[in-house]
Amino acid sequence: MKNLSRIALVALSLIVMLPALSARELHVVPQPAYTDIAAEGDYTVTPKTRIVVVDNLWNPAERFTEDMQRHFGTEKPMPTAKNGKGIKIRLDSCIPAEGYEMTISEDEILIIGGTEAGVYYGLQTLRQIIVTNDGKVPYGFIADEPTFSYRGAHLDVVRHFFSVDDVKRYIDILASHKLNRLHWHLTDDQGWRIEIKAYPELTEKGSMRKETLIGHGLEPKWWDGEPYGGYYTQEEIRDIVDYAAKRYVTIVPEIEMPGHSQAALHALPWLGCQEQEVDVWTMWGVTPEVLCAGKETTYEYLENVLKEVLELFPSELIHIGGDECPKDRWKVCEHCQAKMKAEGLDNEEQLQGYLVARIEKFLIANGRRMIGWDEILDGGVTETATVMSWRGIEGGIYAAERGNDVVMTPMNPCYFDFYQTKSREGEGLHIGGHNSFEKVYAMDPLAGMSDDAKKHIIGVQCNMWSEYLPTMARVEKMLLPRLAAMSEVQWATDRRNPATIRTRMETLRKFYDACGWNYTPYYFEGRE
Ligand code: ACM
Ligand code: ZN
């Protein structure tokens, strides 16, 4: 040891510490299931490389050529054809539904997917390699498939509103990380953001608030005095749903009930217990103004709204919120109390359980399934509901042990509106908390449950609440690079390798730069 110089020691320790990735290993996030890369030889993709489309896979081909056109900076997309040599894409039902196999040889790059989505994910892997390696794709073989079938990210468009183009950009980022669900939080106390033709007041009155809180609302000057609002027309929603579907992203719409409904109550005061006049809320948090669960007119309203939602969104899962519903109004409401008596309900929690179960029945009768935040467990959940576990993992474990399907999204580490570093230096104002890249990467969505319960964990989701995120650029900086860690949990839970993630992330950073996406530098600077 004595004979080794200081520099040699440092070099040696670096060799030991650095992940063992050779130049011939693939730097892809999320990590593919199996890779076998030849010692030498590359297939070089250029703007002239042909996409050979078999099995009518024109949609994934078009998406790929569009992306490549942007990266190559060319005017014309890469040519597509039904035969010849190039990047050939086709289907084989023996391959898992969202999986793919890719063979890269001197002759061609062959991608075989289990479904169109599998082909799309194979092309996403290929895109990362092309963009970060000057078009050179090493000879070899990749076989890949996801761990979870539900790979979600949520977007709150209420606390701040995002344009159609912003939402499309968000979808692009999700799809590039192989996510397949956008949980779209469309209604809340601070605004109603989806056109409902049966109740035009919801958007005419409910989409605008008088002003927006400044900071956490603790400073002397609390509000900005600027009216704020926006909503999506049904035509815009159809356009976004179609855009997402072409990227194999299903949009799960969320219509909040019976809490988080003050914007609806402003528009339609008869939905409240005391028919009280309320403003679209200008605070963040939890308001006591909730829908009356006693009056039949509330149920009629909810079904009418959902009928239009079902026409707009083909998703099997429909999110009904269910979280954070104070029961103060119900306790003193003659309609709510009468309903409890008539239905033999012991308390207001059970009244919420009754409302949720009734709405679930309506959704099932219309060929859909219900998903709700984990408060739907409090009033006695049915056997068929899917539970989104956010207050922790306990609700999710409880539901999965009972046999309910579950999406794990515990706020630690899945709330992406939390700070990314402990010091918070340079991060701007956020709600609080601390979810670093490392914390997200270390998440075990199957911890603490039996093997039977594990089968009911259908997926994992990150959530983007927008109280402190007024622009899509800010949203992106909260999303990236943490979404890469999330995508590896969702797609590759049991093959995560902390030894290689940092090196792969350095390569993914080049991909982010090429795509022009906003991301924070903290992880790359070693700040946790
Ligand atoms: C939630 O954060 N209220 C689901
Ligand atoms: Zn009531």
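Residues numbered from 1 in each chain as written. Chains lettered and ligands numbered in written order. Predicted model: local features only at pLDDT ≥ 70, side-chain atom pairs only at ≥ 80, totals over all residues. Heavy atoms only, no water.

Considering the side chain of Lys-168
With respect to the helices, strands and loops of the structure, Lys-168 is situated in helix H4 (residues 164–176). Looking at Lys-168, its side chain comes within polar contact range of the side chain of Asp-239, at 2.9 Å. Each residue touching Lys-168, except ones within four places of it in the same chain, is listed here: Asp-239 and Tyr-243. (Helix = DSSP H or I, 4+ residues; strand = E, 2+ residues; numbered from the N terminus. Polar contact = N/O pair within 3.5 Å; in protein donor to acceptor, adjacent residues only side chain to side chain. Contact = heavy atoms within 4.5 Å.)

With respect to the packing of aromatic side chains
Counted according to the given criterion, the structure contains 24 aromatic pairs. Relative to Phe-524, the ring of Tyr-519 has its centre 5.8 Å away and its plane inclined at 75 degrees; by these criteria the two rings are edge-to-face. By the burial criterion, Tyr-519 is buried, and Phe-524 matches it. An aromatic cluster of at least three residues, connected via ring pairs, comprises Phe-437, Tyr-441, Phe-511, Tyr-512, Trp-517, Tyr-519, Tyr-523 and Phe-524. Looking at Lys-178, its charged tip hangs above the ring of Trp-491, at a distance of 5.7 Å from the centre. The residue whose ring lies beneath Arg-509 is Phe-524, and the NZ or CZ to ring-centre distance is 4.5 Å. (Phe/Tyr/Trp six-rings, centres within 6.5 Å; stacked < 30°, edge-to-face > 60°. Buried < 20%, exposed > 50% of the residue type's maximum accessible area, 1.4 Å probe, protein only. Lys NZ or Arg CZ within 6 Å of the ring centre and 35° of its normal.)

A look at the coordination of the zinc ion (ligand 2)
Coordination of the zinc ion (ligand 2) by the protein involves Cys-273 (SG), Cys-292 (SG), Cys-333 (SG) and Cys-336 (SG), with metal-donor separations of 2.3 Å. Each of the 4 donor atoms bound to the zinc ion (ligand 2) contributes to angles spanning 104 to 112 degrees, and the resulting shape is tetrahedral. Look at where the donors of the zinc ion (ligand 2) fall in the sequence and you get C-x18-C-x40-C-x2-C. You can see Cys-292 sitting in the loop between helix H7 (262–267) and helix H8 (296–312) and its partner Cys-333 sitting in the loop between helix H9 (328–331) and helix H10 (334–343), a full 41 residues away along the chain. Neither residue differs from the other here; Cys-292 and Cys-333 are each classed as buried. (Donors = N, O, S within 2.8 Å, 3.2 Å for Na, K, Ca; no water. Tetrahedral: all angles 85-135°; square planar, octahedral: opposite > 155°, others 65-115°.)

Quick look at the nonpolar core
Tyr-232 and Tyr-301 are the most contacted members of the largest nonpolar core, which has 147 residues in total. Take this core: its biggest share by element is 9 residues, from helix H3 (residues 116–132). Core analysis: the next-biggest nonpolar cluster, separate from the first, contains 12 residues, Val-252, Leu-317, Met-388 and Ile-458 among them. (Core = buried A, V, L, I, M, F, W, Y, C linked by side-chain atoms within 4.5 Å.)

As for the sheet that holds strand S7 (residues 136–144)
With mixed pairing, the 7 strands of this open sheet are ordered in space as S1-S7-S5-S6-S4-S2-S3. The open sheet terminates on both sides in strands that have one partner only, identified here as strand S1 (34–44) and strand S3 (80–81). In the sheet, strand S2 (residues 51–53) pairs with strand S4 (residues 87–91) via 3 bridges, with the strands oriented parallel. Its bridge partner being in S4, Ile-51 is matched across the sheet by Ile-87. (Pairing = 2+ DSSP bridges.)

Focus on the environment of Glu-256
Residue position: Glu-256 is located in strand S14 (residues 250–257). Glu-256 sits in the buried class, given a relative accessible area of 3%. It is 8.1 Å that separates the C-alpha atoms of Glu-256 and Leu-186, two residues lying 70 residues apart in sequence. Once you skip the residues sitting within four places of it in the chain, Glu-256 turns out to touch His-185, Thr-187, Asp-188, Ser-261, Ile-320, Gly-321, Gly-322, Asp-323 and Trp-373.

What about unusual backbone geometry?
With omega at -5 degrees, the peptide bond leading from Val-29 into Pro-30 counts as cis. Its location among the elements puts Pro-30 in the loop between helix H1 (6–17) and S1. Backbone torsion omega between Met-257 and Pro-258 reads -15 degrees, so that peptide bond is classified as cis. Looking at where Pro-258 falls in the secondary structure, it is placed in the loop between S14 and H7. One non-glycine residue with positive phi stands out, namely Asn-56, at about 60 degrees. Mapped onto the elements of the fold, Asn-56 is located in the loop between S2 and helix H2 (58–72). For Asn-56, a relative accessible area of 61% gives the class exposed. The phi dihedral of Lys-178 falls on the positive side, at around 65 degrees, and the residue is not glycine. Relative to the elements of secondary structure, Lys-178 occurs in the loop between H4 and strand S9 (181–185).

Here we look at the sheet that holds S14
Spatially, the 8 strands close up into a barrel ordered S8-S9-S14-S15-S16-S17-S18-S19, and their pairing is parallel. If you compare each strand with its neighbour and ignore which way they point, the axes differ by 30 degrees on average. Summarising the sheet, strand S18 (residues 406–408) and strand S19 (residues 457–462) pair through 3 bridges and their orientation is parallel. Looking across to S19, one finds that Val-406 is bridged to Ile-457. Docked against the sheet, helix H17 (residues 482–492) engages strand S8 (150–156) and S19, running at close to 180 degrees with respect to S19. (Axes fitted to C-alpha atoms, helices over the stretch in contact; angles between N-to-C directions.)

A closer look at the pairing of strand S5 (residues 100–104)
By the alternation rule, side chains of S5 split into Tyr-100, Met-102 and Ile-104, which are all buried, and Glu-101 and Thr-103, of which none is buried. Sheet topology places S5 next to strand S6 (residues 109–113); 5 bridges connect them, and they run antiparallel. Residue pairing across strands places Tyr-100 opposite Gly-113, the latter belonging to S6.

Some points on the pattern of salt bridges
According to the stated counting rule, one finds 31 salt bridges in the structure shown. The closest approach of N and O atoms between Asp-67 and Arg-70, which form a salt bridge, is 3.4 Å. Placement of the pair is Asp-67 and Arg-70 together in helix H2, with a separation of 3 residues, close to one helical turn. Classification of Asp-67 by relative accessible area gives buried; the value is 10%. The residue Glu-108 makes a salt bridge to Lys-88 at a minimum N-O spacing of 3.8 Å. Taken together, the positions of Glu-108 in the loop between S5 and S6 and Lys-88 in strand S4 put the pair 20 residues apart, joining distant regions of the chain. Looking at Lys-88, the relative accessible area reads 24%, which means it is partly exposed. Linked by salt bridges that have partners in common, Glu-62, Arg-63, Glu-66, Asp-172 and Arg-247 make up one network. (Salt bridge = Lys/Arg side-chain N within 4 Å of Asp/Glu carboxyl O.)

Overview of the confidence of the model for the chain
Any segment with low pLDDT has predicted coordinates that should not be analysed in fine detail. Per-residue confidence for the chain averages 95 on the pLDDT scale, and 96% of its residues sit at or above 70. Within the model, the stretch residues 1–20 combines pLDDT values under 50 with 6 contacts to residues more than four positions away or in other chains. (pLDDT = per-residue confidence, 0-100.)

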